[in-house]
Amino acid sequence: MTSAYVLDSHLSKFGKIDSDYQSLSYETANHLLKKNPGFVPEFLIFACMAPERYTGEIFLPAKIKEDLGLSSLFAIRSETASSSGASALHLARYLLLSGKFKRGIVIGTEVMSRLPREENNLLLGSVLSSQQRNLAMSMAQGGALTATRYLRDFGYTRKELFKLSKKLHDNGLENKIAHIQKNLSEEEYFSSPMFSSPLCLYDISPLSDGSCAVLLETDPARLKKDRKKIEITGTGHGLGQVNSVPGGLSFPASKSAFKQAYAESGKKPSDIRVAELHDAFTIFEIIASEDAGLFPQGKALANVAEGITDKRGKLPINPSGGLKTRGHPVGVSGLAQIAELCTFMNENDSDTALALSIGGLGVNNFATILEAKK
């Protein structure tokens, strides 16, 4: 049976970067390929959401291939909005498992800082249904509806939301590539601007530039001897309804994706030792951890408050700082989660990891299970 392994990865700094898609992609991928001499990819999959709108760039896979000096290879783009990085990784794995290819490179890049916030919000909100847009709804309002219901139904307050945001900011402080590196105080949290109640400035991910590249390999003999052999053992996908009513306490597309990933890998929620879960809004980490079966419904936020999901807790969730503080260059985040999990697994005694990347308002979602093997 063919297997897909993560050979190596590289992340750029996240934040505001004075570069375009083509240049930033080249820098990230070239750095990674130079670290792995002799690795010759047979395909290149490029993940992004909207380079045509952000910087006016098109035909990027072919241009990036040319810049890297690669010979003719299969090169395409994957776009599923904010889950584009994950969809590209899953597509790469399917190509490897098909037996048609033995190794490949996946690159995700987004350059969001060129547009002012108002235009960014309109662009990101374009994934909403026409009915939702006609109500002048934004992505943040969708997250706020879920947060409001969660706090109300399970008896929490914004005090617990602060603890979640504080955890993510503490983790970002330790991540050298993170967009936001801030020792967040309770006073700063509660005095910050309210974007959409109950979500304030420190509950919403920043608009980021950034890039990630990952090398995938089918031959375990080619993996680095000083690193764990990390295999992608389970993937799952869920595609919900764009016209669904926001504000629910679960995303059916996530539950479907988790179910498939668990079944394929032979793992169950109790096997997970670390997770990177899509948290464009802090409450989404909570919903995802419950949809994944890591905690019973209504209990995840309590586990955050108790320190269970801290970076050095019993079950670290978003030890990188998540989208909230690492940053959220939308087409990159799903791939960056994989790179961050591989780093964490190599530096800690964690053998099974879980990732969830969300496209749109909980609609086009991808779950990935990684296993570190001897």
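Each chain has its residues counted from 1, following the order in which its sequence is written. Totals for whole chains, interfaces and linings use all residues, but because this is a predicted model, local features are given only for residues with pLDDT of at least 70 and pairs of side-chain atoms are given and counted only at 80 or more. With hydrogens and water set aside, each side-chain value is computed from the structure's full complement of heavy atoms.

*Asks:* Can you walk me through the pattern of salt bridges in this structure?
*Replies:* Working definition: two side chains of opposite charge can pair if their charged atoms are close together. Each reported salt bridge corresponds to a side-chain nitrogen of Lys or Arg within 4 Å of a carboxyl oxygen of Asp or Glu. Applying the stated criterion across every chain yields a total of 20 salt bridges. Between Arg149 and Asp153 there is a salt bridge; the shortest N-O distance is 3.2 Å. Here Asp153 and Arg149 lie together in helix H7 (residues 139-154), a separation of four residues that amounts to about one turn. Accessibility here uses a 1.4 Å probe with only protein chains present; expressed as a share of the type maximum, an area under 20% marks a residue as buried, one over 50% as exposed, and anything in between as partly exposed. Judged by relative accessible area, Arg149 falls into the partly exposed class, the value being 35%. Among the residues examined, Asp153 registers a relative accessible area of 34% and is labelled partly exposed. Each of Glu42, Arg103, Glu217 and Arg222 takes part in one network of salt bridges that share partners. In this description a helix means any DSSP run of H or I spanning at least four residues, a strand means any run of E spanning at least two, and both kinds are numbered starting from the N terminus.

*Asks:* Which parts of the structure should I look at to understand the layout of surface pockets?
*Replies:* Rolling a probe over the atoms, with the probe sized like a water molecule, indicates the empty space that remains. The method works on a 1 Å grid over the protein atoms by themselves. A cavity is a set of points holding a 1.4 Å probe that cannot get out, a pocket is an open set with protein on both sides within 12 Å along at least five of seven lines, and residues with an atom within 4 Å of a point line them. Grid points are joined across faces, edges and corners, and a volume is the space filled by probe spheres set on the points. One number sums up the size of the largest pocket: a volume of about 540 Å³. Along its surface, the largest pocket is lined by 22 residues, and Asn175, Lys176, Glu340, Thr343 and Glu347 are the ones closest to its centre. Breaking the lining of the largest pocket down by element, the ones donating at least two residues are strand S1 (5-11) and helix H14 (333-347). Counting residues per element, the lining of the largest pocket draws most heavily on H14, which supplies seven residues. Classifying every residue of the lining of the largest pocket gives six nonpolar, seven polar and nine charged. Counted as a void, the second largest pocket has a volume near 450 Å³. What lines the second largest pocket is a set of 26 residues, and nearest its centre among them are Asn121, Leu124, Met139, Ala140 and Phe281. Of all the secondary-structure elements, those providing two or more residues to the lining of the second largest pocket are helix H5 (117-125), H7 and strand S5 (194-196). Residue polarity follows a fixed list, in which Ala, Val, Leu, Ile, Met, Phe, Trp, Tyr, Cys and Pro are nonpolar, Asp, Glu, Lys and Arg are charged, and the others, Gly among them, are polar. In terms of residue class, the lining of the second largest pocket is built from 15 nonpolar, 10 polar and one charged.

*Asks:* How do you make sense of empty space enclosed by the protein when you look at a structure like this?
*Replies:* Under the criterion given, the structure shown has two cavities of 30 Å³ or more. Of the volumes computed, that of the largest cavity is approximately 80 Å³. For the largest cavity, the full set of lining residues is Val6, Leu7, Asp8, Ser9, Leu223, Lys224, Arg227, Lys228, Ile230, Cys342 and Asn346. In terms of residue count, S1 provides more of the lining of the largest cavity than any other element does, four residues in total. The class makeup of the residues in the lining of the largest cavity is five nonpolar, two polar and four charged.

*Asks:* What is the right way to read the sheet that holds strand S9 (residues 274-277) from this model?
*Replies:* The strands making up a sheet associate through hydrogen bonds between their backbones, and the pairing can be parallel or antiparallel. At least two bridges found by DSSP between two strands are what make those strands a pair. Pairing is mixed across the open sheet formed by nine strands, whose spatial order is S3-S2-S4-S7-S1-S8-S11-S10-S9. On the outer flanks of this sheet lie strand S3 (74-78) and S9, each paired with one strand and no other. Between one strand and the next, the sheet's axes are offset by a mean angle of 25 degrees, whatever the strand orientation. Contacts between residues were defined by any pair of non-hydrogen atoms, one from each residue, lying within 4.5 Å. Axis lines are fitted to C-alpha atoms, over the contacting stretch for helices. Their N-to-C directions set the angle, which ranges from 0 to 180 degrees. Against the sheet, helix H3 (residues 60-67) contacts strand S2 (43-47), S3 and strand S4 (103-111), and its axis sits at roughly 125 degrees relative to S2. Strands in contact with helix H4 (residues 84-97) are S2, S3, S4, strand S7 (209-217), strand S8 (229-239), strand S10 (352-357) and strand S11 (364-373); relative to S2, the strand with the most contacts, it is inclined by about 160 degrees.

*Asks:* Even after reading the chapter, I still don't get the side chain of Ser320, so can you show me in this structure?
*Replies:* Note that Ser320 resides in the loop between helix H12 (300-305) and helix H13 (322-326). On the accessibility criterion, Ser320 (5% relative accessible area) is buried. In contact with Ser320, not counting residues within four places along its chain, are Asn171, Gly172, Asn175, Glu276, Thr325, Arg326 and Glu340.

*Asks:* How should I be thinking about the state of the cysteines in this particular structure?
*Replies:* Put plainly, a disulfide is one covalent bond tying together the sulfur atoms of two cysteines. By definition, disulfides here are pairs of cysteine sulfur atoms that lie within 2.5 Å. Scanning the model with the defined rule gives zero disulfides in all. Looking at the unpaired Cys212, the closest cysteine sulfur is the one in Cys342, lying at 9.4 Å.

*Asks:* Explain the environment of Gly266 here, please?
*Replies:* For Gly266, the location among the structural elements is in the loop between helix H10 (252-265) and S9. Exposure remark for Gly266: the relative accessible area of 62% places this residue in the exposed category. With 11 residues separating them in the primary sequence, Gly266 and Leu277 have C-alpha atoms 20 Å apart.

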